[in-house]
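Architecture at a glance
Listed below, chain by chain, are the residues.
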Amino acid sequence: MSINIQAKRDVSFLFSSLGSGASSVAGSNFLADYASIKNGSYAKLMKAYYGGHASDSVKSMARNSNSSKSKTMPKTSEESKAYAKVQSTTDALKESADALLSKSMFTKKDVTTKDENGVETTKKEYDTEGIYKAVNSFVNNYNAVIKAADETDSDAVARRTGTMMNDTAKNLKTLLSVGISVNSDGTLDLDKGTFMKSEMSTVQSLFQGSGSYGYRVSAQASMINYAAGREVNNGSFYTTKGTYSTNYSSGNLFNSMF
């Protein structure tokens, strides 16, 4: 079954099958209401009415409504870039945290050393240098998320980022023992000398296992990413001109029909 609408330029043809009874009246009222919304006259009428006759409580509600609406308006190009940065940095943080969660990261390997007499000794040890590089990547990506989140004005992003920082604070004592400290702005600092001398089993306890610090940071990175994505998609609303905002692709499709 197909419908040919090429020659139809008035939405009223959609209701041409309505009879002359109550349903017809309802259809015509609908079209009249639609026209008033589309041309903006309805919005002007409401503004005029509430501007001159509304009670103080209603006016207060309107102001609050306008205030909250401003938070869900379509994002500017700069705002969209800021949220895109949050998403890219959280992706990187999750990747580095998940790398530390991998069992192979802390698998001991055969390491051969020679003493002063040239006698070789082989024993299993952690790949300390490799683990350091992975933790250093984690720290750099963690800091990038903190800075990117600070460039947005989203309560949701700030809340999720705050939760991640609280997890860091809860593990501060153990983090300090392996050379990871927290700066005044919430970013991390990794001291290689302290790290290389620390027990790798302690580092492993920080970053491996369900419920570990690394596991929780990975989870929070995903939540921050999700919050940033939601903020970008906010603002898909029907306007007083009878069109949808540009963030709503389906709305743009329907806009072309009239």
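Residues numbered from 1 in each chain as written. Predicted model: local features only at pLDDT ≥ 70, side-chain atom pairs only at ≥ 80, totals over all residues. Heavy atoms only, no water.

Check the secondary structure of the protein chain and you find eleven helices and four strands. Expressed as a percentage of the 258 residues in the protein chain, the buried residues total 27%. The contacts of the protein chain with a sequence gap of at least 6 include a subset with a gap of at least 24, amounting to 64%. Only carbon and sulfur atoms are counted for the fraction: they give 52% of the accessible area of the protein chain, which is about 16400 Å². (Helix = DSSP H or I, 4+ residues; strand = E, 2+ residues; numbered from the N terminus. Buried < 20%, exposed > 50% of the residue type's maximum accessible area, 1.4 Å probe, protein only. Contact = heavy atoms within 4.5 Å. Areas by Shrake-Rupley, 256 points an atom, 1.4 Å probe, with all protein chains shown as cover.)

Axis separation between helix α5 (residues 128-150) and helix α10 (residues 213-233) bottoms out at 12 Å; the angle between their running directions is 35°. Our pair here, α5 against α10, has a crossing hand that is left-handed. Contact residues: Phe138, Tyr142 and Val145 in α5; Tyr213, Val217 and Ile224 in α10. Residue composition of the contact of α5 with α10, by class: six nonpolar, no polar and no charged. (Axes fitted to C-alpha atoms, helices over the stretch in contact; angles between N-to-C directions. Left-handed = near helix turned anticlockwise from the far one by under 90°. Nonpolar A, V, L, I, M, F, W, Y, C, P; charged D, E, K, R; others polar.)

The pairing of strand β1 (residues 109-114) with strand β2 (residues 120-125) spans six bridges and is classified as antiparallel. Its bridge partner being in β2, Lys114 is matched across the sheet by Glu120. The turn joining β1 and β2, which pair antiparallel and follow one another in sequence, is formed by five residues; a positive phi near 85° is taken by Gly118. (Pairing = 2+ DSSP bridges.)

Turning our attention to the nonpolar core. Counting 36 residues, the largest nonpolar core has Val135, Phe138, Tyr142, Phe195, Val203, Phe207 and Tyr213 as the members making the most contacts within it. Counting residues per element, the ones that place at least two in this core are α4 (77-101), α5, α6 (155-170), β4 (188-190), α9 (200-207) and α10. The biggest single contributor to this core is α5, with eleven residues. Apart from residues lying up to four places away in sequence, Phe195 is in contact with Thr128, Ile131, Tyr132, Val135, Val178, Leu190, Met200 and Val203. (Core = buried A, V, L, I, M, F, W, Y, C linked by side-chain atoms within 4.5 Å.)

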